[in-house]
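Residue-level listing of the chains:
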Amino acid sequence: MICVFGAGSIGCYVGGRLAAAGADVVFVGRRRLADELAAHGLTLTALHGTAARVPAPKYATEPEAAAGAGLVLVTVKSAATAEAAAALAPHLAPGAVVVSLQNGLRNAAVLREHLPEATVLAGSVAFNVVHTGEGRFHQGTDGGLAVQDHAALDAFAPAFAQAGLDLVRAADLRGVQAAKLLLNLNNAINALSGLPLKTELSQRAYRRCLALAQREALAAYRAAGIRPATTAGLDPRLLPSLLGLPDALFTRAAARMLAVDPHARSSTWEDLEAGRVTEVDYLNGEIAALAAEHGLAAPANRRLTELVHAAESGGRRDWTGPELLAELHRAR
Ligand SMILES: NC(=O)C1=CN([C@@H]2O[C@H](COP(=O)(O)OP(=O)(O)OC[C@H]3O[C@@H](n4cnc5c(N)ncnc54)[C@H](OP(=O)(O)O)[C@@H]3O)[C@@H](O)[C@H]2O)C=CC1
Ligand SMILES: CC(C)(CO)C(=O)C(=O)O
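Residues numbered from 1 in each chain as written. Chains lettered and ligands numbered in written order. Predicted model: local features only at pLDDT ≥ 70, side-chain atom pairs only at ≥ 80, totals over all residues. Heavy atoms only, no water.

## Things to note about the site of ligand 1
Surrounding ligand 1, one finds 24 residues, the nearest of these being Ser9, Ile10, Asn103, Val129 and Glu279. In the environment of ligand 1, an oxygen atom lies 2.8 Å from a nitrogen or oxygen atom belonging to the side chain of Asn103. Asn128 is positioned with one of its side-chain polar atoms (N or O) 3.4 Å from an oxygen atom of ligand 1. Here ligand 1 has 890 Å² of accessible area as a free molecule, and 89% of this is covered by the chains. (Near = heavy atom within 4 Å. Polar contact = N/O pair within 3.5 Å; in protein donor to acceptor, adjacent residues only side chain to side chain. Areas by Shrake-Rupley, 256 points an atom, 1.4 Å probe, with all protein chains shown as cover.)

Here it is as structure tokens:
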């Protein structure tokens, strides 16, 4: 059995694809989603046509439902990881494999601390998922899953293959996570813009905000000895220059980055929209902290973190690109 612990957007989508392909999947999450899925089932769609349906998903609200799972996919937001691990600990089967499918750099370490008996592996989800109501979850960008390689994954790899989920088993997941975090630095910018990802990334001023944040991250990574992995054939060190290109050139040079569903938004936008606390402390805030640890400044990431916290309490979410860029320059 596979358990998805903290089944929201990513958990329902990944677990739903596995269940639709025949895997025995139990979801653990909140009452509101349990009720929604009991009424509507799960419907999964994707940018390039994949569609799947799970009419009666097994969705529980108590952590006991994880008992007996050989594989647990943890998909809570970063701030909820420690609490989720503590809830899971008494029910985890001996020898279970726990995979963090979360953004950020530290979630697997938090899980390991609370689940010392389990095989805990870091993972990363490259694609975007938006919950559109009535049990529907839509994958709005291409991409697959990456997990730190371990022999214990052999037993579960066929279920992912069966579901058509691309599962890359990487020797160095820290590099993959660091590269993903470079992209997640855009989550804050996207949320503060109030625009869909495609519209926001099509505007140079927003991209220049992201380039500022990424340059700070790359400097912090260098100081910390972290080497972000090459993604889709692109050396991550080239990203800031690519983002700074004028719109017409960027559209041609970075077509893959704009291959996004026109309605897709970042998970940080989703959090603000739902009135939830965001993960910004684990994304832009992580870079500001890493930079500080190494005696570097990261004013753009620090300011983006502050602006998202302000937005959590009702602050602005309609920054134009030039306004946001000027604000980040002022912070330097
Ligand atoms: N959405 C996306 O497109 C992407 C997200 N990610 C990453 O994946 C991770 C999950 O994101 P996402 O799916 O969007 O998050 P969601 O908020 O949609 O889903 C997490 C769910 O877990 C629930 N939850 C929290 N704590 C517990 C608990 N102890 N027991 C049971 N349920 C719990 C939450 O409920 P409540 O809100 O009530 O606490 C929520 O429903 C994050 O790290 C995110 O950054 C990565 C790639 C893309
Ligand atoms: C896929 C991506 C980068 C989309 O913004 C994401 O990880 C998120 O929304 O959290």
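What follows continues from the structure just given.
## Focus on the pattern of salt bridges
Per the stated rule, a full pass over the model turns up 17 salt bridges. Salt-bridge contacts for Asp235 lead to Arg237; the nearest nitrogen and oxygen are separated by 2.7 Å. Residue Arg316 pairs with Asp318 through a salt bridge whose shortest N-O separation is 2.8 Å. In this structure Arg316 comes out as partly exposed when scored by relative accessible area, which is 37%. (Salt bridge = Lys/Arg side-chain N within 4 Å of Asp/Glu carboxyl O. Buried < 20%, exposed > 50% of the residue type's maximum accessible area, 1.4 Å probe, protein only.)

## Overview of the UniProt feature "domain: Ketopantoate reductase N-terminal" (unreviewed entry) in the chain
Under the present numbering, the feature "domain: Ketopantoate reductase N-terminal" (unreviewed entry) in UniProt falls on residues 2–150. Along residues 2–150 the backbone is 26% helical and 32% strand, and the end-to-end C-alpha distance reaches 17 Å. (UniProt positions renumbered as here; feature names shortened; annotations may be inferred. Helix = DSSP H or I, 4+ residues; strand = E, 2+ residues; numbered from the N terminus.)

## Topic: the site of ligand 2
Ligand 2 sits among Asn103, Ala126, Phe127, Asn128, Lys180, Asn184, Asn187, Leu197, Ser266 and Ser267. For ligand 2, an oxygen atom lies 3.2 Å from a polar atom in the side chain of Asn103. Starting from 280 Å² of accessible surface for ligand 2 in isolation, the protein chains cover 88%. Among the elements that line the shell around ligand 2, the one with the most residues is helix 6 (residues 173–193), at 3 residues. Class assignment for the residues of the shell around ligand 2 results in 3 nonpolar, 6 polar and 1 charged. (Nonpolar A, V, L, I, M, F, W, Y, C, P; charged D, E, K, R; others polar.)

## Quick look at the nonpolar core
Counting residues in each nonpolar core, the largest one holds 45 residues, and the members touching the most others are Leu181, Leu185, Ile189, Leu192, Tyr221, Leu304 and Leu324. Elements represented by at least two residues in this core include exactly helix 6, helix 8 (204–224), helix 9 (239–243), helix 11 (267–273), helix 12 (284–293), helix 13 (299–312) and helix 14 (321–330). Broken down by element, the residue count for this core peaks at 10 residues, all from helix 8. Those residues within four positions of Leu181 in sequence are excluded, and the remaining contacts are Leu105, Tyr221, Tyr282, Leu283, Glu286 and Ile287. (Core = buried A, V, L, I, M, F, W, Y, C linked by side-chain atoms within 4.5 Å. Contact = heavy atoms within 4.5 Å.)

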